[in-house]
Amino acid sequence: MSSGKSTLINAIVGSELLPSMNRACTARAVAILDNDMKSNFEVHAVDNNGVYSHIDKASKKIVVDFNKSKDISEMIIEGEIRGIRNSKKSMLLIDTPGINNSM
Ligand SMILES: Nc1nc2c(ncn2[C@@H]2O[C@H](COP(=O)(O)OP(=O)(O)OP(=O)(O)O)[C@@H](O)[C@H]2O)c(=O)[nH]1
Ligand SMILES: [Mg+2]
């Protein structure tokens, strides 16, 4: 934990969407999907009942809340990662908790 995973992904994405701290921070995996057609970062979430919801604009607060949430089972952020161009494939970056994090 705290090796700089979230900080590195924020740098690649060019936005401070993922929380980073000098202590165990990321509690749940969050994926960021590159889509050059998007003008901003959107959020796709699925709750424990399998119900899908969409938020137009991603923010660090949304990711922090997801980290603490027991109701949301999965979250994917989708937007244009500038500097990575989609071809026939898209990059999916997944920020995970540190494997030595007991949370
Ligand atoms: N000096 C320095 N500090 C860094 C660097 N990358 C990250 N940090 C700092 O290290 C601390 C941990 O960074 P995180 O990005 O939260 O690390 P993490 O691997 O995501 O941590 P967990 O999600 O808890 O596993 C933060 O205080 C960052 O500001 C770096 O390249 N140099
Ligand atoms: Mg992290």
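Residues numbered from 1 in each chain as written. Chains lettered and ligands numbered in written order. Predicted model: local features only at pLDDT ≥ 70, side-chain atom pairs only at ≥ 80, totals over all residues. Heavy atoms only, no water.

K.L.:
Could you clarify how one ought to interpret the side chain of Glu-78 in this entry?
P.N.:
Tracing the backbone shows Glu-78 in strand β4 (residues 72–79). Of the side chains with opposite charge, Lys-38 comes closest to the buried, unpaired Glu-78, at an N-O distance of 4.4 Å. Within the local environment of Glu-78, its side chain forms a polar contact with the side chain of His-44, the two groups lying 2.7 Å apart. When residues no more than four places from it in sequence are discounted, the contact partners of Glu-78 are Leu-33, Asn-35, Lys-38, Asn-40, Phe-41, Glu-42 and His-44. (Helix = DSSP H or I, 4+ residues; strand = E, 2+ residues; numbered from the N terminus. Buried < 20%, exposed > 50% of the residue type's maximum accessible area, 1.4 Å probe, protein only. Lys, Arg positive; Asp, Glu negative; His and termini not counted. Salt bridge = Lys/Arg side-chain N within 4 Å of Asp/Glu carboxyl O. Polar contact = N/O pair within 3.5 Å; in protein donor to acceptor, adjacent residues only side chain to side chain. Contact = heavy atoms within 4.5 Å.)

K.L.:
Quick question: what am I supposed to make of a nonpolar patch on the surface here?
P.N.:
A surface patch of nonpolar side chains, amounting to about 240 Å² of accessible area, comprises Ile-76, Leu-92 and Ile-94. Within the secondary structure, Ile-94 is located in strand β5 (residues 92–95). (Patch = residues over 30% accessible without salt bridge, like charges linked within 9 Å, V, L, I, M, F, W, Y side chains within 5 Å. Areas by Shrake-Rupley, 256 points an atom, 1.4 Å probe, with all protein chains shown as cover.)

K.L.:
What's the story with the nonpolar core in this structure? I'm lost.
P.N.:
Nonpolar side chains in soluble globular proteins tend to end up buried together. Judged by nonpolar contacts, the single largest core of 16 residues is most densely connected at Val-13, Ile-32, Phe-41 and Ile-77. Within the residue set of this core, elements represented by two or more residues are α1 (5–13), β1 (30–34), α2 (60–68) and β4. The residues contacting Ile-77, other than those within four sequence positions of it, are Leu-17, Val-30, Ala-31, Ile-32, Leu-33, Phe-41, Glu-42, Val-43, Ala-58 and Val-63. (Core = buried A, V, L, I, M, F, W, Y, C linked by side-chain atoms within 4.5 Å.)

K.L.:
What's the story with the pairing of β4 in this structure? I'm lost.
P.N.:
Within a regular beta strand, the side chains point alternately toward one face of the sheet and then the other, so they alternate between its two faces. One ladder, built from four bridges, connects β1 with β4; its direction is parallel. Paired with Ala-31 across the strands is Ile-76, a residue of β4. Here six bridges tie strand β2 (residues 42–47) to β4, and the two strands are oriented antiparallel to one another. Considered in β4, the bridge of Asp-47 is made with Ile-72. (Pairing = 2+ DSSP bridges.)

K.L.:
Which parts of the structure should I look at to understand the packing of aromatic side chains?
P.N.:
Note on aromatic pairs: each is described by the distance of the centres and the angle between the planes. For the coordinates displayed, the defined rule picks out zero aromatic pairs. Arg-28 extends its terminal NZ or CZ atom over the ring of Phe-66, reaching a point 4.2 Å from the ring centre. (Phe/Tyr/Trp six-rings, centres within 6.5 Å; stacked < 30°, edge-to-face > 60°. Lys NZ or Arg CZ within 6 Å of the ring centre and 35° of its normal.)

K.L.:
Quick question: what am I supposed to make of α1 here?
P.N.:
For an α-helix, the turn length of 3.6 residues means that residues three or four places apart are oriented alike. Among all positions of α1, only Ser-6, Ile-9, Asn-10 and Val-13 are buried. Along the axis of α1, the buried positions cluster into a sector of 105°, meaning they face one direction only. The outward face of α1, more than 90 degrees from its buried face, is lined by the exposed residues Leu-8 and Ala-11. Downstream of α1 by a residue or two, Gly-14 has a phi angle that is positive, lying close to 80°. (Arc of directions from axis to C-beta.)

K.L.:
Would you mind showing me how to read the coordination of the magnesium ion (ligand 2) here?
P.N.:
Ideal geometry at a metal centre: 109.5 degrees between donors when four sit tetrahedrally, and 90 or 180 degrees when six sit octahedrally. Within the protein, Ser-6 (OG) and Thr-26 (OG1) serve as the donor atoms for the magnesium ion (ligand 2), at 2.0 to 2.1 Å. In this pair, Ser-6 sits in helix α1 while Thr-26 sits in the loop between α1 and β1, placing the two residues 20 residues apart along the sequence. For Ser-6, a relative accessible area of 8% puts it in the buried group. According to the relative accessible area criterion, Thr-26 is buried, its value standing at 10%. (Donors = N, O, S within 2.8 Å, 3.2 Å for Na, K, Ca; no water.)

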